[in-house]
Amino acid sequence: MTADRINEAFCWPESGRWAVGVSGGADSVAMLCLLARARREDWVVVHIDHELRGQASRDDAAFTLDLAQRLDVRAVVVRRAEMPDAMQPPTGDRLRRLRHAAYQRVAAAEGLSGVLLAHHADDQAETILLRLLRNASMDGLAGMSADGRVGGLRIFRPMLSLRRSELRDYLHRRGITWREDETNALPKTPRNRIRPTLTENPLLSERLLALGKSSAQLRAWVREHAPALAPDFAMRQLADLPDILAHNSARRWLIERGASREKMSGPAANRLIEMARDAASAARQQFPGKLTVERKRGRIGAADAPR
């Protein structure tokens, strides 16, 4: 792997102060070394100690602190015990929320733009396959965004165009070591179970990445062409739209009215579309986020809004 390939594929964030999520594994170590080697910025390394692997977890934290010191980058360790709901069973979703909350806390305290995460192309292929198996929508099949938000946290992923093998080659060539999390090889999670299949079938990964790219392009087109609905809109404005545009407009309208973005599902948007297209459907319905929507005299709006 040449330096030109790295520079071409690595997507640099805008200038500013960023947190850098570093677990101690190969991917995040490669990202930190690339950042530190290429240019000087006010990075703040953030290591999340999940405290689930005993001495191995403590060694990961110590390794990350030592690496940051050698690269002359300030580092912060956040331990699971310090976070809310620390005593809850450590499911995958809870640990993910914990990481996002920890990054958000550090970013707010330090005045940072957001966090850089080390997801790469193979992670993207795994994500798309998992979502495909769960019958995800077009938005889901687009995969992870290079620049997005989770809650109030901005997340930037600069390595989505780099492969796992390229990152390890980069580290090997420079004699840079990293920590291996042995639990990544255990088939306890869906992601760990599908990873060997993708490793053994590189063409499948390429096809999944192509699917993600096409889905992202279609999503961008839909967002550009789906009309924004007024707080109180005529039924026909939604009813007459093609399904793909209607779904986007309906979902956006519900979120703007206070429906939970995290709990918003395809069926919720479809129910709003049905209210617009079928006068025999219930004229007053509940949606996620305790939002009540009603249809009256050919128009649809939130029940508690002035009509």
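Look above for the structure.
First, a word on what this report is: a plain description of the structure on this page. As the structure is a prediction and not an experimental result, all values here were calculated from the model.

**Observations concerning the overall build of the protein**
- The helix and strand inventory of the protein stands at twelve helices and ten strands.
- Principal-axis analysis of the C-alpha atoms gives the protein an extent of 70 × 45 × 40 Å.
- Counting only residues that meet the buried cut, the protein has 45% of its 307 residues in that class.
- Within the protein, contacts between residues separated by at least 24 positions form 65% of all contacts whose residues are at least 6 apart in sequence.
- Roughly 16,300 Å² of accessible area belongs to the protein as shown, and the carbon and sulfur atoms make up 51% of that amount.
- Computed over 50 positive and 38 negative side-chain charges, the separation of the two mean positions in the protein equals 4 Å.

**Quick look at the pairing of strand S2 (residues 44-49)**
- The buried count for S2 comes to six of six residues, which makes it a mostly enclosed element.
- Burial along S2 is two-sided: Val44, Val46 and Ile48 facing one way and Val45, His47 and Asp49 facing the other are all buried.
- Where S2 and strand S3 (residues 74-79) come together, six bridges link them in parallel fashion. The residue of S3 that forms the bridge with Ile48 is Val78.

**Remarks on the sheet that holds strand S10 (residues 299-302)**
- Reading across the sheet, the four strands line up as S7-S10-S9-S8 and stay open at both edges, with antiparallel pairing between neighbours. Edge positions in the sheet fall to strand S7 (233-234) and strand S8 (284-287), since each of these pairs with one other strand and no more.
- As defined by bridge partners, S7 adjoins S10 across two bridges and the pair is classed as antiparallel. Counted as the bridge partner of Ala234 is Arg299 from S10.

**What to know about the nonpolar core**
- In terms of nonpolar packing, the biggest core is built from 30 residues, with Val20, Val29, Met31, Leu116, Met159 and Leu171 touching the most fellow members.
- Where this core is concerned, the elements lending two or more residues are helix H1 (3-9), helix H2 (26-38), helix H3 (55-70) and helix H7 (164-173).
- Val29 has contacts with Gly24, Phe63, Leu67, Leu171, Ile176, Thr177 and Trp178, leaving out every residue within four places of it along the chain.
- Residues Leu238, Ile255, Leu291 and Ile300 belong to the second largest nonpolar core, which totals 24 residues.

**Observations regarding the side chain of Arg53**
- You can see Arg53 is positioned in the loop between S2 and H3.
- Assessed through its relative accessible area of 19%, Arg53 is described here as buried.
- A polar atom in the side chain of Arg53 sits 2.7 Å from the side chain of Asp60.
- Contact partners of Arg53, with chain neighbours within four places excluded, come to Asp60, Glu180, Asp181, Glu182 and Thr183.

**A short note on the sheet that holds strand S4 (residues 115-116)**
- The strand order S3-S2-S1-S4-S6-S5 describes an open sheet built from six strands, whose pairing is mixed. Edge positions in the open sheet fall to S3 and strand S5 (147-150), since each of these has one partner strand only.
- Here four bridges tie S5 to strand S6 (residues 153-156), and the two strands are oriented antiparallel to one another. Looking at the pairing, Asp147 lines up with Phe156 of S6.
- On top of the sheet, H2 reaches strand S1 (19-21), S2 and S4; it is set at about 145° to S1, its chief contact.
- Contacts from helix H4 (residues 92-110) reach S1, S2, S3, S4, S5 and S6 within the one sheet, and its direction differs from that of S2 by about 145°.

**Some remarks on the packing of helix H8 (residues 190-200) against helix H9 (residues 202-225)**
- Viewed as axis vectors pointing N to C, H8 and H9 meet at an angle of 105°, and their least axial separation amounts to 5 Å. Between H8 and H9, the crossing angle belongs to the class labelled roughly perpendicular. Residue-level contacts link Thr197, Leu198, Thr199 and Glu200 of H8 to Pro202, Leu204, Ser205 and Leu208 of H9.
- Residue classes in the contact of H8 with H9 are distributed as four nonpolar, three polar and one charged.

**So, the environment of Gly148**
- Secondary-structure assignment places Gly148 in strand S5.
- Between the C-alpha atoms of Gly148 and Gly114, which are 34 residues apart in sequence, the distance is 9.9 Å.

**Re the packing of aromatic side chains**
- Tallying each qualifying case throughout the model produces three aromatic pairs.
- Measuring from centroid to centroid gives 4.6 Å for Phe10 and Trp12, while their planes differ by 50°, and the two rings are tilted.
- Overall, the relative accessible area of 3% leaves Phe10 in the buried class.
- Classification of Trp12 as partly exposed rests on a relative accessible area of 28%.
- Ring centres of Phe233 and Trp253 lie 5.4 Å apart, and the angle between their planes is 80°; on these two criteria the pair is classed as edge-to-face. Here the residue Phe233 occupies a position in strand S7, and Trp253 occupies one in helix H11 (residues 243-256), the gap between them amounting to 20 residues.

Each value, and the rule that gives it
- Residues numbered from 1 in each chain as written.
- Predicted model: local features only at pLDDT ≥ 70, side-chain atom pairs only at ≥ 80, totals over all residues.
- Heavy atoms only, no water.
- Helix = DSSP H or I, 4+ residues; strand = E, 2+ residues; numbered from the N terminus.
- Buried < 20%, exposed > 50% of the residue type's maximum accessible area, 1.4 Å probe, protein only.
- Contact = heavy atoms within 4.5 Å.
- Areas by Shrake-Rupley, 256 points an atom, 1.4 Å probe, with all protein chains shown as cover.
- Lys, Arg positive; Asp, Glu negative; His and termini not counted.
- Charge placed at Lys NZ, Arg CZ, Asp CG, Glu CD.
- Pairing = 2+ DSSP bridges.
- Core = buried A, V, L, I, M, F, W, Y, C linked by side-chain atoms within 4.5 Å.
- Polar contact = N/O pair within 3.5 Å; in protein donor to acceptor, adjacent residues only side chain to side chain.
- Axes fitted to C-alpha atoms, helices over the stretch in contact; angles between N-to-C directions.
- Parallel < 35°, antiparallel > 145°, perpendicular 65-115°, else oblique.
- Nonpolar A, V, L, I, M, F, W, Y, C, P; charged D, E, K, R; others polar.
- Phe/Tyr/Trp six-rings, centres within 6.5 Å; stacked < 30°, edge-to-face > 60°.

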